[in-house]
Amino acid sequence: MNRPPAGVIALALFFGFGTAMSLLAALALLLPTSAFHNVWRLNPQAHAGLTAWGPWAVALMLTVGAACCSAAVGLWRGARWGRAVAVTILAVNMLSDASNAFVRGELRTLIGVPIASALIAYILLNRRVRDYFDRTR
């Protein structure tokens, strides 16, 4: 088994962190009177936006958590589907950042566009990364 490139390890850890944060947000939404609720002090706008969705917000956070977990596991294992999941998540995030900037006027979200673009380019174009995912098992 080949060792993953350092950038793939970093991305897997990044998606692992995304998993943990999504699940924490879901718990904070499910248990509004618990200590988990204090997490919303970090981003009160996100809390307001998610609570407006009602129970669908929990489903959304669980879906995001499952997607991030899948990407982390797939990247770590060097599975082609893991790379596809990671690229899809990054592309959806990039599109949502761009749409938030233009539709809602939140120009600060545009910072996510070049970051996501760079990560997608790394996953798809870097020779060591391609070799890692193209190897036969």
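Note that the structure is predicted; figures quoted are calculated from it, not measured.

Q: What am I meant to see in the packing of aromatic side chains here?
A: When we look at a pair of aromatic rings, we describe it by the centre distance and by the angle of the planes. The final tally for this structure, using the stated rule, is two aromatic pairs. Aromatic side chains Phe14 and Phe15 sit 5.4 Å apart centroid to centroid with 70° between the ring planes, which places their arrangement in the edge-to-face category. Owing to a relative accessible area of 2%, Phe15 belongs among the buried residues under this scheme. With a centroid separation of 5.1 Å and an interplanar angle of 75°, the aromatic rings of Tyr132 and Phe133 are classed as edge-to-face. Phe133 matches Tyr132 in its accessibility class, with the two residues each being buried.

Q: I would appreciate a short explanation of the nonpolar core in the present structure.
A: The nonpolar side chains of a soluble globular protein tend to be buried with one another. Membership of the largest hydrophobic core comes to 18 residues, with the highest contact counts inside it found for Val8, Phe15, Leu75, Ala86, Ile123 and Phe133. For Ile123, the residues in contact, after removing those within four places along its chain, are Leu11, Arg83, Ala86, Val87, Leu90 and Val129. In terms of nonpolar packing, the next biggest core, distinct from the first, is built from nine residues, Ala25, Ala26, Leu29 and Leu50 among them.

Q: Would you mind showing me how to read the pattern of salt bridges here?
A: On inspection of all chains with the given rule, the structure shows three salt bridges. For Glu106, the salt bridge is made with Arg108, and the minimal N-O distance between the two is 4.0 Å. Connected via shared salt-bridge partners are Arg104, Glu106 and Arg108.

Q: Looking at this structure, I do not really get a nonpolar patch on the surface. What am I missing?
A: Side chains of Leu27, Leu30, Leu31 and Phe36 sit close together on the surface and give an oily, nonpolar patch of about 330 Å² of accessible area. With respect to the helices and strands, Leu31 occurs in the loop between α1 (6–30) and α2 (44–51).

Q: Hey, could you run me through the packing of helix α4 (residues 80–103) against helix α5 (residues 112–125) in this one?
A: Pairs of packed helices are described in terms of their axes, by the angle between the two and the distance that separates them. Between α4 and α5, the least distance of the axes is 9 Å, while the angle of their chain directions is 160°. Considered as vectors, α4 and α5 are oriented roughly antiparallel to each other. Our pair here, α4 against α5, has a crossing hand that is left-handed. Packed against α4, whose contacting residues are Arg83, Ala86, Val87, Leu90, Ala91, Met94, Asp97 and Ala98, the element α5 presents Gly112, Val113, Ala116, Ser117, Leu119, Ile120, Ile123 and Leu124 at the interface. Partitioned by chemical class, the residues of the contact of α4 with α5 number 12 nonpolar, two polar and two charged.

Rules behind the numbers
Residues numbered from 1 in each chain as written. Predicted model: local features only at pLDDT ≥ 70, side-chain atom pairs only at ≥ 80, totals over all residues. Heavy atoms only, no water. Phe/Tyr/Trp six-rings, centres within 6.5 Å; stacked < 30°, edge-to-face > 60°. Buried < 20%, exposed > 50% of the residue type's maximum accessible area, 1.4 Å probe, protein only. Core = buried A, V, L, I, M, F, W, Y, C linked by side-chain atoms within 4.5 Å. Contact = heavy atoms within 4.5 Å. Salt bridge = Lys/Arg side-chain N within 4 Å of Asp/Glu carboxyl O. Patch = residues over 30% accessible without salt bridge, like charges linked within 9 Å, V, L, I, M, F, W, Y side chains within 5 Å. Areas by Shrake-Rupley, 256 points an atom, 1.4 Å probe, with all protein chains shown as cover. Helix = DSSP H or I, 4+ residues; strand = E, 2+ residues; numbered from the N terminus. Axes fitted to C-alpha atoms, helices over the stretch in contact; angles between N-to-C directions. Parallel < 35°, antiparallel > 145°, perpendicular 65-115°, else oblique. Left-handed = near helix turned anticlockwise from the far one by under 90°. Nonpolar A, V, L, I, M, F, W, Y, C, P; charged D, E, K, R; others polar.

Keep in mind that these numbers describe shape and distance, not what the molecule does.
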